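# Architecture and fold: a report
Below, each chain spelled out in residue letters.
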Amino acid sequence: MKVPPVYNTVAVVVAIGVIIISTATLSWFSYHYTVGRENLAETTLVQTNIKLATQYVDRIEQKIIDNDGILSEMVDVNEPSKWPAMVDAIRKSDLNVDMVYFLRPGRNYLLYPPYSYEIRNLWGAFHDSFKIKEINVDNLTVDQMNHLQKERPNNYFFASYVMKENRKGEKILVCYQMNFYKIVVLLDNRLRDLQKDFYVAAVDFENNGIYNLPISRSSKYYYEMRFPSTLYKWILQIVPRNYTELEREVKIQRRTNLFFIILSTTLIFFSLAIIYVAGRRERQLRQLKEDFISNVSHELKTPLSLIRMFSEILVTGRVKREDTKKEYYNIIHNESDRMSRLINNLLDFAILRQAENGKYFERTNIARLVSKELEAYRYEIQKDGFQITVEVDSSVPDTYADPNAITMAFFNLLDNSVKYSGDQRQITVRVEQRNGCVDLSVVDKGFGIPDAEQPKIFEKFYRGSNASVRKVRGSGIGLSITKHVAEMHGGEVLVESTPGKGSTFTLRIPIRQPPDLAGS
Ligand code: ADP
């Protein structure tokens, strides 16, 4: 069953459309999938960092709280006489305490150490930061440790304090002023492990580095965390040591993925374009072949039916007159001649396409060859009312060529000029030497060829679309043979044509020496 071409076209368009849409969808999804996966990997990494930072913050916090417990235990408010010894012991311990103050709440009255000239500076500094009014003394739970942290330029204040009650029911506020440097050492001890894989810093609220230099917050792998209740004015910052590599890797990965997605999409579109072009070319070729077959069969059928008709008339012996008989013989002869020319052309075409290039090359003089061939053919053309002008330059040098192929190409050009001349029956055949080539031109004043058709006429099976051309019988292979012959010789076929004015076809063959003479 023959499928109408329109269905083929629709099927191809639909198939291509489906492929384009599915490719685009697939690319879109794969891009988003990869981006999603990268984001997931990033989020996991950041979450791991958060977990780690939380662990370390908790450990530091816990250490301070544990120390607080010990400090609270070391003080007995019932024994003021032992306070000097207790304070001494605390300061000497590794609990990071600079000084211990015993205060009577409400009035900020210093119970211990007794105010003296020696401690006036220390007490002054403590008093400046530890303002009893700022602490809600009445709400303090007995024996529960609290923390006070202050930031001052060049001096960070950190104190733990606890409300105690003696046997007499008097409340005594015990304040432990911590040593800033020892706290930093505590941070250092606790954070050392973390620093193997991370840049770690502790900063104050104004981003001044307390422990290490502040870390830039720009990386997406950066994470910061506050200490919940102890060093609550400080912030712990961390970022993986290899964060630049991580970022670069992610960037490269993303670019690579994008590149491959674009590449594969482009390749698919490119292949589709090739399939589309090849399909179109295939369809055109099929169409041309169908035209060719119908042209050839028409070309063969017409002379054959004429031959048959006139031979039948002759065989029956109905024609008595000798001159009529002669006329019929002539028709039969001419028609069989036309048929054999067509068959020869077809055979030449087949042979030429398979011929081993250069097999029949020999020293050839194209000018002489053309003159000789014209001798025989000229009469036939003139008989049909053609005026033929021959301008052959006899000084054209010999060249290395296949004489039969050149003759075939020449006759194709001449035959076309006869076929497509219409009423303007003037033909010029010219052979001349030009720029190292022999130019064999056939000029007519016939139908001419539109510009748009000129490149197509050399394709095999192509026939002109013009109505007057269509009336003329042909197979669409003559010029394709001519072009092939030219190319076999390293030359070309040129066409100059104006519709209604005529055409000039030039077979241009480069002048070459036979290989054995080439060196001499
Ligand atoms: P055919 O002559 O059998 O159609 P050709 O390959 O020789 O095949 O020519 C291809 C087409 O080129 C012709 O159908 C015609 O349209 C155009 N053509 C060739 N020679 C001429 C010419 N001298 N004048 C006008 N048109 C020409």
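Here's what I pulled together on the structure shown here. On a predicted model such as this, the values are computed, not experimentally measured, just so you know.

### Concerning the packing of aromatic side chains
One pass over the full model with this rule turns up 20 aromatic pairs. Relative to Y112, the ring of F102 has its centre 6.0 Å away and its plane inclined at 75°; by these criteria the two rings are edge-to-face. Of this pair, F102 sits in strand 1 (residues 97–104) while Y112 is found in strand 2 (residues 109–112), placing the two residues 10 residues apart along the sequence. Like Y112, F102 is buried. Taking 5.3 Å as the distance between ring centres and 80° as the angle between the ring planes, the aromatic pair formed by F130 and Y161 counts as edge-to-face. Here F130 is found in the loop between helix 3 (120–129) and strand 3 (145–152), whereas its partner Y161 is found in strand 4 (residues 155–165), with 31 residues between them in sequence. Grouping residues by exposure puts F130 and Y161 together as buried. Of the aromatic side chains, those joined through ring pairs into one cluster are Y101, W123, F126, F130, F157 and Y161.

### Points about the pairing of strand 4
Where burial is concerned, most of strand 4 is hidden: 9 out of the 11 residues are buried. Where strand 4 lies against strand 5 (residues 171–178), 7 bridges are found, and the strand directions are antiparallel. Bridge pairing links M163 to L173 in strand 5. Joining the antiparallel neighbours strand 4 and strand 5 is a turn of 5 residues, in which G169 adopts a positive phi near 85°.

### Section: the side chain of K150
Here K150 is to be found in strand 3. A distance of 2.6 Å separates a polar atom in the side chain of K150 from a polar atom in the side chain of E134. When residues no more than four places from it in sequence are discounted, the contact partners of K150 are S129, E134, N155, Y156 and F157.

### Details of the nonpolar core
If you look at the biggest cluster of nonpolar residues, it comprises 46 residues, and the most contacted ones within it are L414, V429 and F505. Excluding residues that lie within four positions of it along the chain, F505 makes contacts with L413, L440, S441, V442, I449, I457, F458, L479, V493, L494 and V495. Counting residues in hydrophobic clusters, the runner-up holds 43 residues, among them V77, M145, I172 and L231.

### Remarks on unusual backbone geometry
Note that the residue after Y112, namely P113, is joined by a cis bond; omega there is -10°. Topologically, P113 is positioned in the loop between strand 2 and helix 3. The phi dihedral of N207 is positive, around 65°, even though this residue is not glycine. One non-glycine residue, N435, lies in positive phi territory at about 45°. Along the polypeptide, N435 turns up in the loop between strand 13 (426–434) and strand 14 (437–444). For N435, a relative accessible area of 75% corresponds to the exposed category.

Cut-offs used in this document
Each chain carries its own residue numbering, running from 1 in the written order of its sequence. Local features in a predicted model are, by the rule used here, given only for residues with pLDDT of at least 70; side-chain atom pairs are given and counted only at 80 or more, and totals for whole chains, interfaces and linings are based on all residues. Note that the side-chain values use all heavy atoms of the structure and ignore hydrogens as well as water. The rule is short: rings of Phe, Tyr and Trp, with Trp giving its six-membered ring, pair when the centres are within 6.5 Å, and they are stacked under 30 degrees, edge-to-face over 60, tilted in between. The numbering of helices and of strands both runs from the N terminus, where a helix is a DSSP run of H or I of at least 4 residues and a strand a run of E of at least 2. Three labels apply to residues, based on accessible area from a 1.4 Å probe with only protein chains included: buried if under 20% of the type maximum, exposed if over 50%, partly exposed otherwise in between. By the convention used here, strands pair only if DSSP detects at least 2 bridges between them. Polar contacts, as used here, are pairs of N or O atoms within 3.5 Å; protein pairs need one atom able to donate a hydrogen and one able to accept it. Residues neighboring in sequence count only if both atoms are side-chain atoms. Here, two residues are considered to be in contact whenever any of their heavy atoms come within 4.5 Å of each other. Nine residue types can take part in a nonpolar core, namely buried Ala, Val, Leu, Ile, Met, Phe, Trp, Tyr and Cys, and a core is a set of them joined through side-chain atoms within 4.5 Å.

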